[in-house]
Each structure stands twice: as structure tokens, then as C-alpha cells.
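If you want the building blocks of each chain, they are given just below.
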Amino acid sequence: MRCVIARFPFDLAKSEVEQSMSGITPEPAIGVCVTIGRRVYPVMQVGEVITRQNRRDFTSGEMRRALTRLGFTCHDARPVAPPEWDAQANERVLGPLD
């Protein structure tokens, strides 16, 4: 499928993207992400790998549209859960609250 990313045309196939990303360790999921196989990658990382362009040259929206048209599932990264409040740990550090 022909996609335009950062004003450059690319002929991409889903299998080519999967092959390009195999063996690449996903960066921490931030912002818009894409699921490729069983791994979740930031779309900007995938864009950099498949286009060989600097991430500043394209937007996450461009990559999301292209990857969605190829049949991948794009989604927002899950928010990081804040650590649970531990009253006992606070008491050990701060002392009793009497």
C-alpha cells in the first residue's frame, strides 16, 4: 500500500513492517502505540525503523494513519499507575504521626 509520510511516498506491506520490527526491542510505551505481533511499540519508533527517517520529520498522526490502513491496531499507551500509598513505609521514614 502506498503511504505518504513526511511528504515522501512509501510502498508498505503489513508483512514488511512485521519483518522490519522483528528482533527490535520496544521502547517504553509513551503516547500513541501500535501492537505488532505480541509487542507494543511507540508509533514513532516504528516510523523511524520503517522509513529510516528522523522522528522529527514525521508526526505520530501520520504514522497512526499509515499503520491503521495497513491493518495494525493503534492505541494510546496505558497510563502508568501511581505507586500504592504505604502508611507503614511512611511511618518508618517520617516517624509516628501522634
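Parameters at a glance
Residues numbered from 1 in each chain as written. Predicted model: local features only at pLDDT ≥ 70, side-chain atom pairs only at ≥ 80, totals over all residues. Heavy atoms only, no water. Helix = DSSP H or I, 4+ residues; strand = E, 2+ residues; numbered from the N terminus. Buried < 20%, exposed > 50% of the residue type's maximum accessible area, 1.4 Å probe, protein only. Lys, Arg positive; Asp, Glu negative; His and termini not counted. Salt bridge = Lys/Arg side-chain N within 4 Å of Asp/Glu carboxyl O. Polar contact = N/O pair within 3.5 Å; in protein donor to acceptor, adjacent residues only side chain to side chain. Contact = heavy atoms within 4.5 Å.

S.K.: It is not clear to me how the side chain of glutamate 62 should be interpreted in this structure. Could you clarify?
M.R.: Position of glutamate 62 among the secondary structure elements: in helix 3 (residues 60–70). No salt bridge is formed by the buried glutamate 62; the nearest opposite charge belongs to arginine 65, separated by 5.5 Å. Polar contacts involving the side chain of glutamate 62 include one to the main-chain amide nitrogen of threonine 59, which spans 2.9 Å. Residues in contact with glutamate 62, not counting those within four places in the same chain, are Val4, Ile5, Ala6, Arg7 and Asp57.

S.K.: Would you explain the pattern of salt bridges in this entry?
M.R.: A side chain with one charge can pair with a side chain of the opposite charge if their charged atoms come near. Within this structure, the stated rule accounts for four salt bridges. In this structure, the salt-bridge partner of glutamate 27 is arginine 55, at a minimum N-O distance of 2.7 Å. In this pair, glutamate 27 is assigned in the loop between helix 1 (14–21) and strand 3 (32–36) and arginine 55 in the loop between helix 2 (43–51) and helix 3, connecting sequence segments 28 residues apart. We classify glutamate 27 as partly exposed; its relative accessible area is 31%. We note a salt bridge from arginine 64 to aspartate 76, for which the minimum N-O separation is 3.6 Å. You can see arginine 64 sitting in helix 3 and its partner aspartate 76 sitting in strand 5 (residues 73–76), a full twelve residues away along the chain. By relative accessible area, arginine 64 is classed as partly exposed at 30%. Overall, the relative accessible area of 55% leaves aspartate 76 in the exposed class.

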